[in-house]
Amino acid sequence: MRDFLKGVSLSAPVVTVLAAALAGLLLVPTVAGADEGMWTFNNFPSAKVKQAYGFSPDPKWLERVQLASVRLARGCSGAFVSASGLVQTNHHCARACIQQVSTADHNHIKDGFYAAELKDEAKCPDMEVNQLVQITDVTQRVNAATAGKEGDAFSAALKEVQAAIQTECTGGADDTRCDVVELYHGGAYNLYKYHRYQDVRLVFAPEEDIAFFGGDPDNFEFPRYDLDVSYVRVYDKDGKPLNTKATYFPYASHDANEGDLVFTSGNPGRTERLDTVAELEYERDHALPDRLLYLSELRGILLQFTAQGEENARIARTKLFTLENSYKALYGGLQTLVDPALINAKRKEEAALKALIDADPALKQQYGDPWAAIAKSVDHYAVVATRYQVLEGSRSFTQSDMFTYARNLVRAASERPLPDGKRLREYTDANFPSIRQRLLSNSPVYPELERVLMRMQLVYMQRQLGPDDPLVRKVFGNRSAQQIADELVKGSGLGDPAERKRLLEGGQAALDASTDPMITFAKLVDADALAARRDVEANVSAVQQKNAGYIAQAMFKVHGTSVYPDATFSPRVSYGTVKGYEQNGQHVAPFTTMGGTFDRATGAFPFALPDSWLKAKDAINPAQKFDAVSTNDIIGGNSGSPVINKDAEVVGLIFDGNIQSLGGDYGYDGSVNRAVWVSVGALKEALAKVYQANRLSKELGAH
């Protein structure tokens, strides 16, 4: 059950707080089939790969791949691709930065961006890049701290031990990030230590018309013709390009061919392949339909806003893009769940593991009936979910940047003075640097869009909670949603980073003295929001976490750790081959060509090519491979992952999955699930012949 997390930006506070505690639950999995699995670096099935493909990634190879791969903290993946801190990722992963460095006069989403010289590289206001440098097993310490505890006591103990481990790991250094990662949903805990980089600058981005050629109709489809790439650069503390001479992937000299073995290293978001039947049924019947209805309403509001002028369309484009992408992905997941075959198979697997426990008196005494406890927690969540989602979750006021700033300031003032282990998780010493970066960034705030979003959320809250709800009555009084939104946005100074800095550094005294209406509003709703959160943490997440651990331990008795854990937006490796598939009785070839792009173009959005491509048509090799598919097991969060060969050279860049892969949250079908990526040859061809990006081509060894 992921109603807690569905559709939430992975940088949002709720994810930081609940990522481990609310991550879906475990049932008996079948051992992963060929090419299936998102494997951790410290448990990669090298022997299995060798048996299938004749190549065994050794520890040295895996370490090299780990250090060359990066995570974009707001929800994507990437890789170092030069000796000077250059990171390859997707256009849609960097588009927040691209929009942030744009203005009404210079729309880099529409027109693209290229820094011809190092000095022209543009600082991304709130991008954070993480490089995993160490993995440590901390399972025994976590289990010892939570043993014998239930509900609030379990939740508090888990929070305290995680904060302690993370604080010890960072040693107070802001440039180190440490996350206690829950694996097998309570069966194991690993400490991931990262280098944290927050000086990240935009180097190159193509025009949106080629980065997202085909638009929503082609999204999650294949064949594709997209140059979904951006390059950013990581800088060190001295303001110089980071030295990554020993930790980068070089570009391969030639493209991959059909049948070639390829690997991806990235940060898949959150899968639910190991959920219990109770969770999957809730997801199918409530969480996904509710989320889709909300996104439909928000999409309509944004489309209306964008239709009111070119500048409105520019400032709302990134939010609308993200929303439409989420909607299509979630709808595909729902179609997977409504097929009774999946849940029926899960029910049989779950019954088999339950029978194993029931047949062993010692196990039965130790674990009891964890499935019943989980089902009861799901029932409880069904009762409180609406209030939780509207006030604290993914359907809350955090759609507004100004409200998010206000909430973070209000909570930082009250949480930061507490002992580290007593704080909300996102305000611990280990986690707070990400929030501080966003609070102090010079990312633009658009009052017109803020008013629209606040009005929509106020109307949504009133409708979902009811006009007689005490909080709703306090918020509205005798005012309309439009009046409240106008007052909050017009009277707030939180669009100014200097004001946010003053309030952050002033602490509780500054917040108490503030008359900013958005701060006042955040305070007004915060008690109810935190109450909803604590209820979920104590009566849902704590119950699920504890009992999921029991199920995991039983699973280990059957399969050990030969089964990969569900994805947790932490670094993973997958393997597969370049391979087409069958769809509707037709064979889908594994490659498209750059020449085919011009054949598909109609001149009308979303199949209109930018002028740069039309002008370069005669220079481009029409036979050059453009986009490709492979059997690598990926999901959302893998966007920006490098596709590499066995020599750890880049042969491609993941940017999507096909329509069949949208059920990847719940399972993997190697006959049709495909990762979609840009070929390295197309990247080289475009940089050299379309954009004449000579400095960048030379740095990539592609000139």
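Fair warning: this is a prediction, and the values are worked out from it, not measured in the lab.

1. So, the packing of aromatic side chains
Alright, step 1. For the structure shown, the criterion picks out 25 aromatic pairs.
Alright, step 2. Consider the rings of Phe204 and Tyr691, whose centres lie 5.1 Å apart with planes at 70°: the pair is edge-to-face. Of this pair, Phe204 sits in strand S9 (residues 200–205) while Tyr691 sits in the loop between helix H24 (680–690) and helix H25 (694–699), placing them 487 residues apart in sequence.
Alright, step 3. Judged by centre distance (5.5 Å) and plane angle (45°), the rings of Phe397 and Phe403 are tilted.

2. What about the state of the cysteines?
Alright, step 1. The full count for this structure, using the stated rule, is three disulfides.
Alright, step 2. Between the sulfur atoms of Cys169 and its disulfide partner Cys178 the distance amounts to 1.9 Å. A torsion of -65° about the S-S bond marks the disulfide between Cys169 and Cys178 as left-handed.

3. With respect to helix H19 (residues 481–491)
Alright, step 1. Taken together, the buried positions of H19 are Ala481, Ile484, Ala485, Leu488 and Val489. One face of H19 carries all of its buried residues, which in axial projection span an arc of 115°.
Alright, step 2. Structurally, H19 contributes buried residues whose contacts are with helix H15 (401–415), helix H17 (447–465), helix H18 (470–476) and helix H21 (517–559).

4. Examining the layout of surface pockets
Empty space left among the atoms is revealed by rolling a probe the size of a water molecule over them.
Alright, step 1. In this model, the largest pocket occupies a volume close to 580 Å³.
Alright, step 2. The element that contributes the greatest number of residues to the lining of the largest pocket is helix H11 (residues 310–338), accounting for seven residues.
Alright, step 3. Looking at the lining of the largest pocket residue by residue, the class counts come to nine nonpolar, three polar and 10 charged.
Alright, step 4. Its volume calculated, the second largest pocket comes out at about 440 Å³.
Alright, step 5. Asp175, Arg196, Tyr197, Gln198 and Asp199 are the residues nearest the centre of the second largest pocket, which is lined by 19 residues in total.
Alright, step 6. Among the elements that line the lining of the second largest pocket, the one with the most residues is helix H16 (residues 432–440), at four residues.

5. Describing the environment of Ser155
Alright, step 1. Relative to the helices and strands, Ser155 resides in helix H7 (residues 151–170).
Alright, step 2. Judged by relative accessible area, Ser155 falls into the buried class, the value being 14%.
Alright, step 3. Taking the C-alpha atoms as reference points, Ser155 and Arg534, 379 residues apart in sequence, are found 9.4 Å from one another.
Alright, step 4. Contacts of Ser155, omitting those with residues within four sequence positions, involve Arg425, Glu537 and Ala542.

6. Quick look at the nonpolar core
Alright, step 1. Judged by nonpolar contacts, the single largest core of 66 residues is most densely connected at Met454, Leu458, Met461, Val475, Met518 and Phe521.
Alright, step 2. With nine residues, helix H10 (residues 277–306) is the single largest residue contributor to this core.
Alright, step 3. Discounting chain neighbours no more than four positions away, the residues touching Met518 are Met402, Phe403, Ala406, Met454, Leu488, Val489, Ser492 and Leu494.
Alright, step 4. With 57 residues, the next largest nonpolar core counts Phe44, Leu261, Trp613 and Ala648 among its residues.

7. Brief notes about the packing of H15 against H16
Alright, step 1. Axis separation between H15 and H16 bottoms out at 10 Å; the angle between their running directions is 130°. Relative to H16, H15 is oriented oblique. As H15 packs across H16, the resulting crossing turns out to be left-handed. Where H15 approaches H16, its residues Tyr405, Asn408, Leu409 and Ala412 are matched on the opposing element by Phe432, Ile435, Arg438 and Leu439.
Alright, step 2. Split by residue class, the contact of H15 with H16 holds six nonpolar, one polar and one charged.

8. Some remarks on the pattern of salt bridges
Alright, step 1. A complete count under the given rule lists 45 salt bridges for this structure.
Alright, step 2. In this structure, the salt-bridge partner of Arg314 is Glu311, at a minimum N-O distance of 2.8 Å. Residue Arg314 and its partner Glu311 are both found in helix H11; the two are separated by three residues, about one turn of the helix.
Alright, step 3. Its relative accessible area of 34% is what places Glu311 among the partly exposed residues.

9. Section: unusual backbone geometry
Alright, step 1. Cis geometry is adopted by the peptide bond preceding Pro223, which originates at Phe222 and carries an omega value of 10°.
Alright, step 2. Residue Pro606 is bonded to the preceding Phe605 through a cis peptide linkage, with omega at 5°.
Alright, step 3. The residue Phe220 is not glycine, and still its phi comes out positive at about 60°.
Alright, step 4. Positionally, Phe220 belongs in the loop between helix H9 (215–218) and strand S10 (230–234).
Alright, step 5. Exposure remark for Phe220: the relative accessible area of 9% places this residue in the buried category.

10. Quick word on the pairing of S9
Alright, step 1. Among the six residues in S9, six count as buried, and that is most of the element.
Alright, step 2. When strand S4 (residues 113–114) meets S9, the two strands line up antiparallel, connected through two bridges. Directly across from Tyr114, in S9, lies its bridge partner Phe204.
Alright, step 3. Here strand S5 (residues 122–123) runs beside S9; their pairing, made up of two bridges, is antiparallel. Opposite Ala122, over in S9, you have Leu202 as the bridge partner.
Alright, step 4. Of the strand pairs in this sheet, S9 and S10 are connected by four bridges, and their pairing is antiparallel. Paired with Arg201 across the two strands is Arg233, which belongs to S10.

11. Here's the deal with the sheet that holds strand S11 (residues 261–266)
Alright, step 1. Spatial strand order, S12-S11-S17-S18-S19-S16-S15: seven strands in an open sheet with antiparallel pairing. Both edges of this open sheet fall to strand S12 (572–577) and strand S15 (591–593), since each of them pairs with a single strand only. Within this sheet the neighbouring strands show an average axis-to-axis angle of 30°, counted without direction.
Alright, step 2. Two elements, strand S16 (residues 625–630) and strand S19 (residues 675–679), share four bridges in a ladder whose sense is antiparallel. Note on S19: the bridge partner recorded for Val629 is Val676.
Alright, step 3. Strand contacts of H24: S16, strand S18 (650–657) and S19, with the helix running at about 40° to S19, the strand carrying the most contacts.

12. A look at the side chain of Asp516
Alright, step 1. Its place among the elements puts Asp516 in the loop between helix H20 (497–513) and H21.
Alright, step 2. Setting aside residues no more than four positions away along its own chain, Asp516 makes contact with Gly491, Ser492, Gly493 and Leu494.

13. Section: H11
Alright, step 1. If you check H11, its first and last C-alpha atoms are 40 Å apart, about what 29 residues at 1.5 Å a residue would give, namely 42 Å.
Alright, step 2. When the local axis directions of H11 are compared, the greatest deviation, roughly 50°, occurs at Ala316.

14. Regarding the environment of Asp255
Alright, step 1. One can find Asp255 in the loop between S10 and S11.
Alright, step 2. For the pair Asp255 and Asn645, spaced 390 residues apart in sequence, the C-alpha to C-alpha distance is 9.8 Å.
Alright, step 3. In this view, Asp255 contacts Gln624, Lys625, Ser679, Val680 and Gly681; residues no more than four positions away in its chain are not counted.
Alright, step 4. A distance of 2.8 Å separates the side chain of Asp255 from the side chain of Gln624, its partner in a polar contact.

What counts, and where the lines are drawn
- Residues numbered from 1 in each chain as written.
- Predicted model: local features only at pLDDT ≥ 70, side-chain atom pairs only at ≥ 80, totals over all residues.
- Heavy atoms only, no water.
- Phe/Tyr/Trp six-rings, centres within 6.5 Å; stacked < 30°, edge-to-face > 60°.
- Helix = DSSP H or I, 4+ residues; strand = E, 2+ residues; numbered from the N terminus.
- Disulfide = S-S within 2.5 Å.
- Buried < 20%, exposed > 50% of the residue type's maximum accessible area, 1.4 Å probe, protein only.
- Arc of directions from axis to C-beta.
- Contact = heavy atoms within 4.5 Å.
- 1 Å grid on protein atoms, 1.4 Å probe; cavity = no way out; pocket = protein on both sides within 12 Å on 5 of 7 lines; lining within 4 Å.
- Points joined across faces, edges and corners; volume = space filled by probe spheres on them.
- Nonpolar A, V, L, I, M, F, W, Y, C, P; charged D, E, K, R; others polar.
- Core = buried A, V, L, I, M, F, W, Y, C linked by side-chain atoms within 4.5 Å.
- Axes fitted to C-alpha atoms, helices over the stretch in contact; angles between N-to-C directions.
- Parallel < 35°, antiparallel > 145°, perpendicular 65-115°, else oblique.
- Left-handed = near helix turned anticlockwise from the far one by under 90°.
- Salt bridge = Lys/Arg side-chain N within 4 Å of Asp/Glu carboxyl O.
- Pairing = 2+ DSSP bridges.
- Expected span 1.5 Å × (residues − 1).
- Bend = angle between axes of the 7 residues up to and from the residue.
- Polar contact = N/O pair within 3.5 Å; in protein donor to acceptor, adjacent residues only side chain to side chain.

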